[in-house]
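Now for the letters of each chain:
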Amino acid sequence: MSRIVVDTSRCEGHGLCEGIAPDVFVLHDEGAVEVLIKESVAGGAIEAAGTAAALACPVAAIHVTG
């Protein structure tokens, strides 16, 4: 099982993660990103989307752990 985590202290609100994985992330009007998938995920499309967003994040604020 993996978990998708955003380090909000590093996040600058670029919104790339939401563009790459809109089912996993949402960018609020004030620039804060929220992970929509709260529970752990086991492989598949959700984990792949989280990983793609993590790789694209310019400030390395996203991590897929597990």
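Here the residue index of a chain counts from 1 through its sequence in written order. Given that the model is predicted, a residue must reach a pLDDT of at least 70 before its local features are reported, and side-chain atom pairs must reach 80 or more before they are shown or counted; all residues, however, enter totals for whole chains, interfaces and linings. The side-chain values count all of the structure's non-hydrogen atoms but skip hydrogen atoms and water molecules.

## Remarks on the nonpolar core
Next, step 1: Think of a nonpolar core as a cluster: buried Ala, Val, Leu, Ile, Met, Phe, Trp, Tyr and Cys residues, connected wherever their side-chain atoms sit within 4.5 Å. Accessible area is worked out with a 1.4 Å probe on protein chains only. A residue is then buried under 20% of its type maximum, exposed over 50%, and partly exposed in between. Among the nonpolar cores identified, the biggest contains 17 residues, and I4, V6, C17, V24, F25, V35 and I62 are the most heavily contacted of them.
Next, step 2: Here a strand is any run of E in DSSP of at least two residues, a helix any run of H or I of at least four, and the numbering for each starts at the N terminus. No other element matches the 3 residues that helix α2 (residues 44-56) contributes to this core.
Next, step 3: Contacts are assigned to residue pairs with any non-hydrogen atoms lying within 4.5 Å of each other. In this structure I62 touches I4, V5, V6, C17, F25, G50, A53, A54 and C57, once residues within four positions along its chain are discounted.

## Focus: the confidence of the model for the protein chain
Next, step 1: Scored from 0 to 100, pLDDT records how confident the predictor is in each individual residue. Residues with a pLDDT of 70 or more make up 97% of the protein chain, whose mean pLDDT is 90.
Next, step 2: Here strand β3 (residues 33-35) is the element of the protein chain with the lowest mean pLDDT, 89, and helix α1 (residues 16-20) is the one with the highest, 94.

## Some points on α2
Next, step 1: With 13 residues, α2 extends 19 Å from end C-alpha to end C-alpha; this agrees with the ideal 18 Å at 1.5 Å per step.
Next, step 2: Along α2, the residues that are buried comprise A49, G50, A53 and A54. Projected down its long axis, α2 carries its buried residues within an arc of 140°, all on one side. α2 presents G44, A45 and L55 as exposed residues on the side facing more than 90 degrees away from its buried surface.
Next, step 3: Buried-residue contacts for α2 involve β1 (3-6), α1, β2 (25-27) and β4 (62-65). Take the residue count of a helix, subtract one, and multiply by 1.5 Å to get its expected span. Directions drawn from the helix axis to the C-beta atoms are what define this arc.

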